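# Structural characterization, general
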Amino acid sequence: MKLSRNFVNDYTNLTNTDMNALAESMVRIGNEYESIKKLVDTDTLIIGEVKECSRHPESDHLNVCKVDIKSEILNIICGAPNVKKGIKVIVATDGTKLPGGTIKKTTILGYESNGMICSLSELGIENKFLKKEDVDGIHVLNTEAPVGEDAIKYLEMDDVIIDFELTSNRADELSMLGLAYEVSALTKEKVILPNINYKELDEDINSSLSLKIETDNVYTFLAKKVNNIEIKESPTFIKNRLIACGIRPINNVVDISNYVMLETGQPLHYYDADKLGAVIGARMAKDGESVLTLDSIKRILTKDDIVITDGEKAIGLAGVMGGYDTEITKDTKNIVIESAIFNPLNIRQTSKKLLRSEASIRFEKILDVNRTYFAIERSCHLLEKYAGGFVEKGILEHNNISREDKVIEITLDKINSVLGYEFKCDDIIEVFNKLDFVSECKKNKFVVTIPTRRVDISIEEDLIEEVGRIYGVDNIKGTLPVFESSAANYNKTNRIIRDKMVSLGLNEVITYSLINVKDVFKFTNDEFGLIKVLSPMTEERVVLRHSLITSILGVYDYNKSRNIKDLSIFEIGTSFSLIEGEYIEENKLSCLLAGKYISGINSEEYDFYTVKGIIEELLDYLGLKNRYSFVSGNLPEEMHPSKSVYINVNGKIIGLFGAVHPNIYKEDVYVAEINLSSLLEIKTGKLKYKEFSKYPGISKDLAFIISKNINSEDVVSTIKQTGGKLLKSVDVFDYYEGEKIDNNKKSIAYNLYFESFDKTLTDEEINQVFDKIIENVAKKHNAILRDK
């Protein structure tokens, strides 16, 4: 929302206000701004009069002009087609800074030019706001323009604009009056409401027009009639204020409707009364019904759209855009004014589907019903004053909203408790006075009357927020809360897992919970229903995810497209599913490994055993050592069938890991996912810590040739059972398939580490166990010891 200094100055005094300081003060009370600029960002421009104008002898389009600026007469070369003797113009002298650059004395084809005669576009006004003659040539001032005076002040363009980024709850600030109240809370200058007085004809609108409302989605609908209007150009101040707010001036009648919308925050619509007929109303559209809107586009409607009717057919889209059949033209003489409030949800759906406009942006919010009445009266005043209209007495009225102000009671103790500060009654009363709220305090209890314009305030906490922001958060001395607390087990476990994954060399990522529908059933064989967003912003954010792997692969794709191929990342997040009508949320851990990692001074490729090691390390760390196994089975089709397994803990599948199917990625990408909600339900004993052995251990390697159908995990289990207490660890360090062994065989090499807490082991003791391991593996798995 753009704040125009000149516009707001009509309602609260900003004459001597530093607008940069005001913008910063507005930030401190919760109103962030994107930019602050002048409407015409330039040095002083001077009103001049062209005394002489003759064709340049060396050019077919340039003119040599002598321009009187009172202090001197300047020679200026001008190429505008509409420059001529006797006109008043805008002059930029030597050294003047314009948006396009600094004006300097120069010589053009042998003739000296000491400045520039300006068009409005050269002052930084966009062409879309200008008349054709201003786009094609210089701007010609009125004959009454005083030579030598400041041209910007004369044009009433000496304005400063602050572009605010408002929060969605502050619908009241989508108006100059709403911003004026906010500014008034800072400056302590009173807000003066604009004039809404006008004379009425004896003729009553109810004698020629009736109202027909056929839906509960129309909360308020008001209509008045103005006769014998004159369509002409708007006054300068109206045009300039519309331009400052980003709206193109059209004519006095259309401009007044936009002006009142900016002023009050209440959109209005004008209908040509002679085209309308004897009835105006509103109803829900029919599926497939169409209406031709003001932009000459045929809109196909649904039963969720609200339409304005002439009693039968649709003549406009309620809250979005009027219809072509009843538009205001240069021949219009009599108009009907509509001021209404519609169901914001319906307007939001319609505008998102068909067209978003300045009006719909406001109708999508909750509007102030009293402003709805005020706006239609203000419109009548301006139409009488600037369009020569005559207002019929009476009003067509439909209203289901209370016009009474809200009353909230709150205690001083409650305010102090929430804000953590010792306010006094006078402090709070002062804040309410700044906001123009009527309040009284008895025995430390406040009774506050909230004007209907503040639709965002309805409960005690809203009032407390107002006290905090207007008093100034910076002025509230911070104090530390005093209470006993302890970390919840759930969050504590999450932190433990997060710290462990980081210690294993992975980086944490946080991704969107919303994904594309086509990705939701990937990397899972679970059966569940979709949880969709009603109004998604993009097709990439439509449905809540079930597997985190799809999200984390998006991170991989993002980095891969930027030539970052080495990645080790994890995420702890929530998955969602709809099962038998119940919404299920589960906490999951997902990780991804791709490319290479540094091992000592060497770089190694990530493989199946790397991700397997990470999973084993995590499960052991969580107290589940010797209680898990890795099993093959009906894996999701996105996983590599021979390089992926499920994670089984105590007979329950709690996750999976392995390589992504080569149909998806040609390179090796390894992923894992663990359902932490299921995993953490498994009871574990307290971790027991043992001191390191004082005696040296012995490491021995061996390799077996076994059938490809035998899992390495089964071989490891046999080795551990045979090794007994002396065998402390078994690790796979090599895997081979190739020409030196049969096609249906594979070679797996293991490192065995033996250690005793009681003594130094001898070769004889180790060899005895070692030989027994070889014997048992050979018998149980039909394995052959590989000797080379």
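Computed from a predicted model, the values in this text were never measured in an experiment.

A separate point is the side chain of Arg-371. Mapped onto the fold, Arg-371 is located in helix H11 (residues 369-386). Of the side chains with opposite charge, Asp-368 comes closest to the buried, unpaired Arg-371, at an N-O distance of 4.4 Å. Those residues in contact with Arg-371 that lie beyond four places of it in its chain are Ser-175, Leu-177, Gly-178, Tyr-181, Thr-264, Gln-266 and Arg-453.

A few words on unusual backbone geometry. Its identity is not glycine, yet Glu-156 carries a phi of approximately 60°, on the positive side. Note on placement: Glu-156 falls in the loop between helix H4 (151-154) and strand S13 (160-165). Residue classification places Glu-156 among the partly exposed residues on the basis of a relative accessible area of 38%.

Our next topic: the pattern of salt bridges. Throughout the structure, instances matching the rule amount to 45 salt bridges. Here Arg-170 ties to Glu-182 by a salt bridge, and the two come within 3.1 Å at their closest N and O atoms. Here Arg-170, found in the loop between S13 and helix H5 (176-187), pairs with Glu-182, found in helix H5; they are 12 residues apart in sequence, far enough to count as distant. No difference in accessibility class separates Arg-170 from Glu-182, as the two residues are buried. Overlapping salt bridges, with partners in common, bring together Arg-170, Asp-172, Glu-173, Glu-182, Arg-454, Asp-456, Glu-466 and Arg-469 in one network.

Here the focus is the environment of Tyr-219. Relative to the helices and strands, Tyr-219 is located in strand S16 (residues 218-227). With 182 residues separating them along the chain, Tyr-219 and Ile-401 place their C-alpha atoms 6.6 Å apart. If we ignore the near neighbours within four places in the chain, the residues touching Tyr-219 are Ile-341, Phe-342, Asn-343, Pro-344, His-398, Asn-399, Asn-400 and Ile-401. A distance of 3.4 Å separates a polar atom in the side chain of Tyr-219 from a polar atom in the side chain of Asn-343.

This brings us to empty space enclosed by the protein. Scanning the model with the defined rule gives 2 cavities of 30 Å³ or more in all. In terms of lining, the largest cavity is formed by Ala-171, Asp-172, Ser-175, Thr-264, Gly-265, Gln-266, Ile-366, Leu-367, Asp-368, Arg-371, Arg-453 and Val-455. Residue composition of the lining of the largest cavity, by class: 4 nonpolar, 4 polar and 4 charged. If you add up the space inside the second largest cavity, you get close to 40 Å³. Along its surface, the second largest cavity is lined by Arg-170, Asp-172, Gly-178, Tyr-181, Glu-182, Leu-435, Arg-453 and Arg-454.

With that settled, consider the pairing of strand S17 (residues 268-272). Most of S17 is tucked away: 5 of the 5 residues are buried. Here S17 shows two buried faces, one formed by Leu-268, Tyr-270 and Asp-272 and the other by His-269 and Tyr-271.

In this model, the second largest pocket occupies a volume close to 940 Å³. What lines the second largest pocket is a set of 35 residues, among which Val-254, Ser-257, Asn-258, His-269 and Leu-294 lie closest to the centre. Elements with a contribution of two residues or more to the lining of the second largest pocket: helix H7 (252-264), S17, strand S22 (314-317), strand S23 (321-322) and helix H10 (358-363). Ranked by residues supplied to the lining of the second largest pocket, first place goes to H7 with 5 residues.

Taking 1.5 Å per residue, 18 residues should reach 26 Å; H11 reaches 26 Å between its end C-alpha atoms and fits that length. With 14 of its 18 residues buried, H11 lies for the most part within the structure. The distance from a side-chain oxygen at the start of H11 to the backbone nitrogen of Asn-370 is 3.0 Å, and the residue carrying that oxygen is Asp-368. Just downstream of H11, Gly-388 is the residue with a positive phi angle, here 65°.

Analysis parameters
Residues numbered from 1 in each chain as written. Predicted model: local features only at pLDDT ≥ 70, side-chain atom pairs only at ≥ 80, totals over all residues. Heavy atoms only, no water. Helix = DSSP H or I, 4+ residues; strand = E, 2+ residues; numbered from the N terminus. Buried < 20%, exposed > 50% of the residue type's maximum accessible area, 1.4 Å probe, protein only. Lys, Arg positive; Asp, Glu negative; His and termini not counted. Salt bridge = Lys/Arg side-chain N within 4 Å of Asp/Glu carboxyl O. Contact = heavy atoms within 4.5 Å. Polar contact = N/O pair within 3.5 Å; in protein donor to acceptor, adjacent residues only side chain to side chain. 1 Å grid on protein atoms, 1.4 Å probe; cavity = no way out; pocket = protein on both sides within 12 Å on 5 of 7 lines; lining within 4 Å. Points joined across faces, edges and corners; volume = space filled by probe spheres on them. Nonpolar A, V, L, I, M, F, W, Y, C, P; charged D, E, K, R; others polar. Expected span 1.5 Å × (residues − 1).

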